[in-house]
Amino acid sequence: MTTQQYHIDGMSCAACSSAVERVTRKLNGVESSNVNLTTNRMVITYDESQVTPEMICEKVSKAGFSASLIVEEEQNKKKEEEEWQQQEEQLEAVKRRVVTAICFAVPLLYISMGHMLPFTLPLPAFMQMDKNPLNFALAQLILTVPVLICGRKFYLVGIRSLLKGNPNMDSLVAIGTGSAFIYSLVMTFGIPGDHMKAHQLYYESAAVVVTLVMLGKFMESRSKGKTSEAIRKLMELAPDTAILYENGMEREVETSLVSVGQHILIKPGSRIPLDGILVQGSSSVDESMLTGESIPVEKQPGDSVIGGSMNYNGAMEVEVTHVGSDTTLSKIIKMIEDAQGKKAPISKLADKVAGYFVPAVMGIALVAALLWWILGGKELSFVLTIFVAVLVIACPCALGLATPTAIMVGTGVGAGHGILIKSGEALEICHKVDAVILDKTGTITEGKPKVTDVNVISGAVVEQVWKLESSSVPGAVLPAAGENREGSASKDSVREPQASDDEKKEHLLGIAASCEQMSEHPLGQAIVNAAREKQMDLAMPEAFESITGAGIITTWKGWKVAVGNRRLLDHLHVPVSQDTEKTASEYANTGKTPMYVVIDGRLAGIVCVADTIKETSVEAVEKIKGLGVTVYMVTGDNEKTAQYIGKLAHVDQVVAEVLPEDKAQVVNRLQNEGKTVMMVGDGINDAPALVQADVGCAVGNGSDIALESGDVVLMKSDLMDVYRAVKLSKATIRNIKQNLFWAFFYNSLGIPVAAGVLYLLGGPLLSPMLGGFAMSLSSVCVVGNALRLRNLKL
C-alpha cells in the first residue's frame, strides 16, 4: 500500500469534493480517499499492484475535474525556487547599496583629495578649504553619511562580533572607518574655532574603504549563487513529460506519474526522461552531458539508459527502473548539494590577525589615555587626542585593504589570461593544491572525435575505384573475389600509373566521407570533417540507408558502399581476416574506434576515429608536476584506453571506469589522505566532483553545469591555464603577505609615538593628522604593491 497526495483542480463546493472521493473510492485497490476542498488536496491510499497514478488521474478527469500528483521532489523544488528568489532579491538589494555608495564616494574623493594633486581640481568657492573650511568639511560629512548607512552591516555585525570576543573582517572595517569618521566629525565641530582643523579630516578614508569592501562582498555573494543556478539547470535537463507505452497505445503523461516497471517510448531526437532498460529497438545515445564521454553509445536491447541523455536516431521502448530521487540525474543533484554542505570555508588571514590586533590596539589606546589622565593629570582634550591618535595611526584600513585589493588585482590578471576566478577563496586556496584530478574527455583530450588513422586493407579495390572514377566509368563492376584485381581492368587502365599508398588512403577517406555526408552520427561527421580539412571534393550518394547501431549503406557513383562498425560487417556477411581482426583490436586498445569501409561486398579499409589529446596537454601536465603536484586522470572510459591516454599525457596515476557518481568519492578519498585537491573537468558528470574538491576548475567549452559548479573557469580550454592559475595564486598570496606587513609596519611603528612616549621624553606629541598621514601611507603602499601583480608573467 502507498499513500499519495494529489492536487485537484475544478472544485467549487462540497459536492465537488464528494464526487472526487466517490469516483476514486470505486477503484479496486483503493483503501481510502479524502479530499480537502480548502486546500484542493486529495490524500489517497491504494494498492500499487492494482492501481496506478494514471488510473486515478483518469477517474478524476472523467468526473469533470483534473488531478496532478504532488511528489516530494516537486515540494522540494518549489521550496528551492523560493529560496533562489529570495537570494536573488537579497543580491539585488546589495547591488543597489554598492552602486549608491560608489555614487557618493566618487564626488567625496574629488572634494577631499582634489587640492592635493599637482593640478588643483576646480571647486565652487563656497566649498573650497581655504575660503570656506566649514562648508568644505560639511560637504564631505554629507557625502560620507550615506556611504556608511549603505555599509551599516559592517558596524552592526562587526561591533557585535567584537563584543562577543570574536572580531572578524567586519570588526576591522567598523573600528578602522569608525575611528576615522568620529575623529573627522570632532574636527568638523572644531573648525569654527580653528580653521586648521579642516586639514585633519579623514572622511574619504572611511567612505572609500567601506565602498571597496562592500564591492568585494557583493562579487563574492554573486559567485556563490552560481552553484544554485547549476542545480536549477540540472533539474531542467530531464523532460517534464514521458510517452507511456501500454498495450500498443501511446499517451503522453507527466514524468512524475510514471512508475517503476512501466514502459515508455523514446522517439529520435528526444531526451530520455527516466533511467531504464532498453526492451526493444536500438539507437545511438549521447550521454556526454552526464558521463562526459563525447562519442555516442550504441544501445541494444538489454542495455541501460540514463534519464536526461539524448536519443539520436532510433526509436526505443524502455522499461523504467528508477524514478524520482533514485534516478542518476537526481543523485548527481543531491551529491552537488551534499558537497556544498561539506565544503568548509577558509578562514582569512586578516580575520586571524584581527582577533589579536584590534583588541590590542583598543587596549593600548584606552590604557594610554587613562594613564595620561590619571597619572599625568592632563586635560580631557589632551587625553582625547592621545586616544584618537592611537586609534587613527593604528587604524587597520590598510589591513582591510590588504587581502581584497590583492585578490581583485589577481583575479583581474587571471581574467586577462582567460582564467576566471569566481572568488577570493578559490584564488587563496589554489596555492596549497598538491593533487590535481583531470577529467579525460574535453579536458586532456579535444572532446570531439577526429580521424586518426586510415588503413587500406584491399588496395586493389580502392585503386580500382580510383581508376574507374577518374576514367568517369560510374557503376563499373569490380573484379570477383577470385580474380586478379590488378589485371581485371581494361588494358588502358592497367597502363595508367599505379596509385601510391598515400593516394589510396586519401581516396578511401574521400569515399567514406562522401557517403557519410547524409549521416548525423558524430563519428560519420568526424570522417566528413577530416575530408573537408583536406579540401576534398565530395559527391553525395545516390541512395542512403542508416542501420541503427551499425552504420550506413549507400549507393555512391554506382557502387555499393557501406561504412560502419563490426556489427555492419556481420549484417552484410563480409568476411574479416585474422590480420584485420588483430589490427582493429590494436586500434581499439589505444582508444580508437575502427570504422570499416566496404565496397561492393569487399572490405576495402578501416578509418579510425578517436578523441585526440590536446596539443598543450603533455606540456601542461609536466609543468603542473613541476610545482610539486601529483596529477591524476579520472575517467569513465575502459581501463586499456584510459591507461593508454594517461601514458601519452604523462599523468602520475590513472583511475578508470569511474561512474559519474563516483568521481566525487575519488576527490573525497584524496582529501581524507590530507591532500588539497583541484578537480578539472567539463561535463555534468564532473559537477559533483568540482564542488567536492577544494578548488573546482571547469574547462570553458564544457557544459553550463560544470562551468557554474567550478570555482575557476578556463575560458581557453587549455590545460596550461591550470598551471597558470596555481602560479597566479602563489603570487597573489605572496603579495597579500607583503601587504599585511606594510599594513602593520607604519601603524605599529607609530603606536608608541601616538601614545605619547616621545612627549614623555621631552619630544613632540604626535598630531592625529600625522597619524592619519601614516595610516594613509600604509594604504597607499598596500594598493601600490597589489598593483604590481599586473606585471606578473603567466
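This section reports on the structure supplied with the text. (Residues numbered from 1 in each chain as written. Predicted model: local features only at pLDDT ≥ 70, side-chain atom pairs only at ≥ 80, totals over all residues. Heavy atoms only, no water.)

## Section: the environment of Ala656
Looking at the secondary structure, you find Ala656 in the loop between strand 23 (653–655) and helix 24 (663–672). You can call Ala656 buried: its relative accessible area is 14%. For the pair Ala656 and Ala642, spaced 14 residues apart in the sequence, the C-alpha separation amounts to 6.0 Å. Apart from residues lying up to four places away in sequence, Ala656 is in contact with Thr635, Asp637, Asn638, Glu639 and Ala642. (Helix = DSSP H or I, 4+ residues; strand = E, 2+ residues; numbered from the N terminus. Buried < 20%, exposed > 50% of the residue type's maximum accessible area, 1.4 Å probe, protein only. Contact = heavy atoms within 4.5 Å.)

## Here's the deal with a negative patch on the surface
Together, Asp501, Asp502, Glu503 and Glu506 give the surface a local cluster of negative charge. Position of Glu503 among the secondary structure elements: in helix 18 (residues 501–516). Overall, Glu503 belongs to the partly exposed group, its relative accessible area being 38%. (Patch = residues over 30% accessible without salt bridge, like charges linked within 9 Å, V, L, I, M, F, W, Y side chains within 5 Å. Areas by Shrake-Rupley, 256 points an atom, 1.4 Å probe, with all protein chains shown as cover. Salt bridge = Lys/Arg side-chain N within 4 Å of Asp/Glu carboxyl O. Lys, Arg positive; Asp, Glu negative; His and termini not counted. Charge placed at Lys NZ, Arg CZ, Asp CG, Glu CD.)

## As for the packing of aromatic side chains
Enumeration according to the criterion identifies three aromatic pairs in this entry. Plain terms: the ring middles of Trp372 and Tyr759 are 5.7 Å apart, the flat faces sit at 70° to each other, and that makes the pair edge-to-face. Within this pair, whereas Trp372 is found in helix 11 (residues 349–374), its partner Tyr759 is found in helix 28 (residues 757–760), the two being separated by 387 residues in sequence. Under the relative-accessibility criterion, Trp372 is labelled buried at 11%. By relative accessible area, Tyr759 is classed as partly exposed at 31%. Both rings, one in Trp556 and one in Trp559, keep their centres 6.3 Å apart while their planes meet at 35°; by these two values the pair is tilted. The pair Trp556 / Trp559 is uniform in exposure class, with both members buried. (Phe/Tyr/Trp six-rings, centres within 6.5 Å; stacked < 30°, edge-to-face > 60°.)

## Overview of the pattern of salt bridges
Taken as a whole and assessed by the stated rule, the structure comprises twelve salt bridges. The salt bridge involving Lys267 is made with Glu250; its shortest N-O contact spans 3.6 Å. With a gap of 17 residues between them, Lys267 in the loop between strand 7 (263–266) and strand 8 (275–281) and Glu250 in strand 6 (residues 249–254) connect regions that are remote in the sequence. Its relative accessible area of 43% is what places Glu250 among the partly exposed residues. Residue Asp652 pairs with Lys625 through a salt bridge whose shortest N-O separation is 3.6 Å.

## Description of unusual backbone geometry
Residues other than glycine seldom take positive phi values, yet Asn247 does so here, at roughly 55°. Inspection of the secondary structure puts Asn247 in the loop between strand 5 (241–246) and strand 6. A residue is classified by how much of its surface remains accessible, and Asn247, at 80% relative accessible area, is exposed.

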